[in-house]
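Fold and contact review
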Amino acid sequence: MQPSIAGERSPTDEQLIYIGSPLGRIAIRGNADFITAVLFADGEQEDVVTPNASPLLYTAAQQLEEYFTKQRKMFDLPLQQPGTAFQQLVWRNLLTIPFGETITYLALAKRVGNVKSIRAVGTTNGKNALSIIVPCHRVIGSNGVLTGYAGGLWRKQWLLDHEKGGLLF
């Protein structure tokens with residue numbers, strides 16, 4: 001599914017669950033209609049889990065667990081994260097990068113129609129709140145170097161190795 005630009009979400013509707021993963025705890029936020037964030041939960045002091053959270057959050061958790069056990073390569077979830085039209089375009093393009101493949105920030109800038117937007121593409125990639133599901137980890141530097149990942153470069157390397165089934169380089 002593609003990120004939606006269907007307006008701002010209400011904080012009162014937002015729900016939260018946590019799952020364990022090979023990369024540490026992951027927080028899944030959303031509501032009955034959309035998954036709004038999948039973020040690494042490093043350093044969070046306390047788990048404030050929504051009682052009776054929406055089944056959609058548990059579906060997202062199940063799909064992430066299937067991803068980590070290599071039973072899933074694509075996610076099928078309704079997504080929403082607020083952003084400009086340009087940000088939405090970048091995030092939609094991230095969803096087209098196949099499992100196990102990488103592209104460069106320059107190639108992503110070309111895909112969105114403006115090679116000069118490479119820095120804006122990088123900034124937008126870093127603002128992606130739907131880690132793993134919107135695969136910003138699949139974007140690398142032009143020289144093949146791993147650059148920038150909000151979850152830490154070690155996690156980016158792990159995700160790429162996991163998808164390729166071995167070392168990236």
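Numbering of residues begins from 1 in every chain and follows the order in which that chain's sequence is written. For a predicted model such as this one, the threshold for reporting local features is a pLDDT of at least 70, and the threshold for listing and counting side-chain atom pairs is 80 or more; totals across whole chains, interfaces and linings nevertheless cover every residue. Only heavy atoms go into the side-chain values, all of them from the structure, while hydrogens and water stay out.

As annotated in an unreviewed UniProt entry, the chain carries the name Methylated-DNA--protein-cysteine methyltransferase and comes from Chitinophaga chungangae. Its UniProt record, at the heading Sequence similarities (unreviewed entry), says of the chain: "Belongs to the MGMT family." UniProt positions are given in the numbering used here, feature names are shortened, and annotations may be inferred rather than shown by experiment. Listed in UniProt under the heading Subcellular location (unreviewed entry), the comment for the chain reads: "Cytoplasm".

1. Describing unusual backbone geometry
A positive phi angle, close to 60 degrees, is found at K70, a residue other than glycine. Mapped onto the secondary structure, K70 falls in the loop between α1 (55-68) and β5 (79-80). Look at I132: it is not a glycine, yet its phi comes out positive at around 70 degrees. Numbered from the N terminus, helices here are DSSP runs of H or I no shorter than four residues, and strands are runs of E no shorter than two. By the secondary structure assignment, I132 is in the loop between α4 (118-126) and β7 (139-140). For I132, a relative accessible area of 1% translates into the label buried. A simple rule labels every residue: compare its accessible area, found with a 1.4 Å probe on the protein chains alone, to the largest value its type can have, and call it buried under 20%, exposed over 50%, or partly exposed in between.

2. Quick notes on the side chain of S54
Within the element layout of this structure, S54 appears in the loop between β4 (35-40) and α1. Here, two residues are considered to be in contact whenever any of their heavy atoms come within 4.5 Å of each other. What S54 contacts, discounting residues up to four positions off in sequence, is Q15, N31 and A32.

3. Some thoughts on the nonpolar core
Ranked by size, the top nonpolar core spans 38 residues in total, and within it I28, I35, L64 and I132 carry the most contacts. Elements that contribute at least two residues to this core include exactly β2 (15-19), β3 (26-30), β4, α1, α2 (85-94) and α3 (105-111). The element that contributes the greatest number of residues to this core is α1, accounting for seven residues. Not counting the four nearest positions on each side in its chain, I132 is found in contact with I26, F40, L64, Y67, F68, F75, H137, Y149 and L159. Here, nonpolar core refers to any group of buried Ala, Val, Leu, Ile, Met, Phe, Trp, Tyr and Cys residues whose side-chain atoms link them within 4.5 Å.

4. Overview of the pairing of β2
Taken across its five residues, β2 has five buried, putting it largely inside the fold. Both faces of β2 are covered, namely the face carrying Q15, I17 and I19 and the face carrying L16 and Y18. Strand pairing requires that DSSP identify at least two bridges connecting the strands. Examined bridge by bridge, β2 and β3 share five bridges and lie antiparallel to one another. Counterpart to I17 in the pairing with β3 is I28. Hairpin geometry of β2 and β3 is characterised by an intervening segment of six residues between the two adjacent antiparallel strands and by a positive phi of about 105 degrees at G24.

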